[in-house]
Amino acid sequence: MIKVKIFDESFNIDFPNVGQLIDIESNKLLYSNNAYSSLVLSNSKGANIALDLIDSISTFIVLIPNLKKRISKSIFELSLLEAQEIVKQYKEIYAPWFFEKLEEINKIQEEWLAKDDKEKK
C-alpha cells in the first residue's frame, strides 16, 4: 500500500486487483478515444502531456473512488495546471511503486515458465 496526496487529501492505495487493472487499462483506451498507441508513437510534447493525464486519471479514478467526490467539478474539466497535481502524484509516487511490483510479478511468471520448460524436457 502507498499513500498519495491530491488536493490536500491523502489517499491509501493498494496494488490493483485483476478487475481494477482491467478497468484502468480499459479507461486508457476510452479516455484516448482508442488512440492511446497513436499518442505513444507520436511522441510530441502535447501527446506526452495527454498520456500522463490519461495514465494518472485512468488509474486514480479506479483506485480512489472517492476522488471524484473530492473534486468540485468533473475531473475532465480541470485545467491542465490543476491536473498536474494528479499527474505529479502518479509519476512520483504511484508509478515507480506500481512498476516495481509489476516487475516482481513478471519475474515470478518467468520462473514459472522456465520451470514448466524444464519439466517438459
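The structure presented is a predicted model; accordingly, all values stated were derived computationally and were not measured. (Residues numbered from 1 in each chain as written. Predicted model: local features only at pLDDT ≥ 70, side-chain atom pairs only at ≥ 80, totals over all residues. Heavy atoms only, no water.)

A surface patch of nonpolar side chains, about 240 Å² in accessible area, is lined by Phe99, Leu102 and Ile105. Its location among the elements puts Ile105 in helix α5 (residues 80-120). Classification of Ile105 as partly exposed rests on a relative accessible area of 36%. (Patch = residues over 30% accessible without salt bridge, like charges linked within 9 Å, V, L, I, M, F, W, Y side chains within 5 Å. Areas by Shrake-Rupley, 256 points an atom, 1.4 Å probe, with all protein chains shown as cover. Salt bridge = Lys/Arg side-chain N within 4 Å of Asp/Glu carboxyl O. Helix = DSSP H or I, 4+ residues; strand = E, 2+ residues; numbered from the N terminus. Buried < 20%, exposed > 50% of the residue type's maximum accessible area, 1.4 Å probe, protein only.)

This part is about the pairing of strand β1 (residues 2-6). Covered by surrounding structure in β1 are Ile2, Val4 and Ile6 only, the residues Lys3 and Lys5 on the alternate face being uncovered. Looking at chain direction, β1 and strand β2 (residues 9-13) are connected through five bridges and run antiparallel. Counterpart to Val4 in the pairing with β2 is Phe11. Where β1 folds back onto β2 in an antiparallel hairpin, the turn is made up of two residues, including Phe7, whose phi is positive at roughly 50°. (Pairing = 2+ DSSP bridges.)

Moving on, we come to the pattern of salt bridges. Applying the stated rule across the entire model yields five salt bridges. With its nearest N and O atoms 2.1 Å apart, the salt bridge here joins Arg70 to Glu9. In this pair, Arg70 sits in helix α4 (residues 67-70) while Glu9 sits in strand β2, placing the two residues 61 residues apart along the sequence. The class for Glu9 is partly exposed, based on a relative accessible area of 24%. When the shortest N-O distance is used, the salt bridge between Lys73 and Glu82 registers 3.3 Å. Through salt bridges with shared partners, one network takes in Glu25, Lys28 and Asp55.

If you trace the backbone, Lys69 turns up in helix α4. Separated by 57 residues in sequence, Lys69 and Asn12 place their C-alpha atoms 16 Å apart.

This part is about a negative patch on the surface. Taken together, the side chains of Glu100, Glu103, Glu104, Glu110 and Glu111 define an acidic patch exposed on the protein surface. Mapped onto the elements of the fold, Glu104 is located in helix α5. With relative accessibility at 39%, the residue Glu104 sits in the partly exposed group. (Lys, Arg positive; Asp, Glu negative; His and termini not counted. Charge placed at Lys NZ, Arg CZ, Asp CG, Glu CD.)

Before going further, it helps to spend a moment on unusual backbone geometry. Even without glycine at this site, Asn33 takes up a positive phi of about 55°. Residue class for Asn33 comes out exposed when judged on its relative accessible area of 68%. For Asn43, which is not glycine, the phi torsion reads 55° and is therefore positive.

Right, let's talk about the nonpolar core for a bit. Within the largest apolar cluster, 25 residues are counted, with the highest numbers of intra-cluster contacts made by Phe60 and Tyr94. Only β1, β2, α3 (45-63) and α5 provide two or more residues apiece to this core. Here the element with the most residues in this core is α5; it accounts for eight residues. (Core = buried A, V, L, I, M, F, W, Y, C linked by side-chain atoms within 4.5 Å.)

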